[in-house]
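What follows is each chain in one-letter form.
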Amino acid sequence: MDGVQEHRDDPRWDVAERVAAAVRRRFPADVLAVAVHGPLAHGDDDGGGDGEVGLLVATYRPGTGPPPATRRVDGVLVDLTVVAAEERLRQARQLTSRWPLTADRYVTTRALHDPTGWLATLRDEHLGRLARPAGPGTGAAPRMPGRPGWPSGTRPTRPC
């Protein structure tokens, strides 16, 4: 595979690599990238959990590639997320109320197959969004009068 050489003693990496290879073999024209995400990708997972692996499969076009699924492979629960690359990039550019829970999916991935460097693009899109200042229509929390950042001479539309 293209990816991970460390943590070879953890059987979940072997399962992840075999599932990634199977996906690439069955859907060669559809798969842009395959990566591990979640605790296993962090390297801080002690392996003592439920034996789970989160796999991201990015496809060239919506509706292609394998169906998203959660299956047990050799005793390891594999959660297969399948999404079109452009859709995932769009998601990475958004900050929603779920941001703290979902941000890691864009930033911390371990490539099992990424010949074009798309995973770095995904990370950079998300980090770039975080670096841009919040403005109207970006989902930023409203600022209150009398606090730093409240435009002078403006008033709230409802009582505080």
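Each remark here, short or long, concerns the structure printed above.
Remember, predicted model here, so these are calculated numbers, not experimental data.

Colleague: Report on a nonpolar patch on the surface, specifying residues and quantitative values.
Modeller: Taken together, the side chains of V107, L127 and L130 define a hydrophobic patch exposed on the protein surface, amounting to about 200 Å² of accessible area. In this structure, V107 sits in helix α5 (residues 104-107).

Colleague: Give a description of helix α3 (residues 85-92) that names residues and reports values.
Modeller: Considered for burial, the residues of α3 that qualify are A85, R88, L89 and A92. End-on, the buried residues of α3 take up no more than an arc of 100 degrees, which puts them together on one face. Where α3 is buried, its residues touch β1 (31-37), β2 (52-59), β4 (76-84), α5 and α6 (118-131).

Colleague: Mind laying out the packing of α3 against α6, listing which residues take part and the relevant values?
Modeller: The N-to-C vectors of α3 and α6 enclose an angle of 25 degrees; their axes lie 8 Å apart at closest approach. In terms of their interaxial angle, α3 and α6 are classed as roughly parallel. In this structure, α3 meets α6 at a crossing whose hand is right-handed. Of the residues in α6, those touching α3 at A85, R88, L89 and A92 are W118, T121, L122, E125, H126 and R129.

Colleague: Can you lay out the pairing of β4 for me, pointing to particular residues and giving the numbers?
Modeller: Of the strand pairs in this sheet, β2 and β4 are connected by eight bridges, and their pairing is parallel. Bridge pairing in β4 places T59 opposite A84. Two elements, strand β3 (residues 69-73) and β4, share five bridges in a ladder whose sense is antiparallel. Counted as the bridge partner of A69 is L80 from β4. The hairpin turn running from β3 into β4, its antiparallel successor, is two residues long, and D74 in that turn takes a positive phi close to 50 degrees.

Colleague: I'd like to hear about helix α1 (residues 11-26), residue by residue, with values.
Modeller: The terminal C-alpha atoms of α1, which comprises 16 residues, lie 23 Å apart, in line with the 22 Å expected from a rise of 1.5 Å per residue. Every buried residue of α1 is accounted for by R12, W13, V15, A16, E17, V19, A20 and V23. Of the surrounding elements, those touching the buried residues of α1 are β1, α2 (39-42), β2, β3, β4 and β5 (109-113).

Colleague: Got a sec to walk through the sheet that holds β1? Specific residues and values, please.
Modeller: Read across the sheet, five strands follow the order β3-β4-β2-β1-β5 without closing on themselves; strand pairing throughout is mixed. Two strands in the sheet have a free side with no partner beyond their single neighbour: β3 and β5. Going across the sheet, the axis of each strand differs from the next one's by a mean of 30 degrees, ignoring polarity. As paired strands, β1 and β2 are joined by six bridges and run antiparallel to one another.

About the criteria used
- Residues numbered from 1 in each chain as written.
- Predicted model: local features only at pLDDT ≥ 70, side-chain atom pairs only at ≥ 80, totals over all residues.
- Heavy atoms only, no water.
- Patch = residues over 30% accessible without salt bridge, like charges linked within 9 Å, V, L, I, M, F, W, Y side chains within 5 Å.
- Areas by Shrake-Rupley, 256 points an atom, 1.4 Å probe, with all protein chains shown as cover.
- Salt bridge = Lys/Arg side-chain N within 4 Å of Asp/Glu carboxyl O.
- Helix = DSSP H or I, 4+ residues; strand = E, 2+ residues; numbered from the N terminus.
- Buried < 20%, exposed > 50% of the residue type's maximum accessible area, 1.4 Å probe, protein only.
- Arc of directions from axis to C-beta.
- Contact = heavy atoms within 4.5 Å.
- Axes fitted to C-alpha atoms, helices over the stretch in contact; angles between N-to-C directions.
- Parallel < 35°, antiparallel > 145°, perpendicular 65-115°, else oblique.
- Left-handed = near helix turned anticlockwise from the far one by under 90°.
- Pairing = 2+ DSSP bridges.
- Expected span 1.5 Å × (residues − 1).

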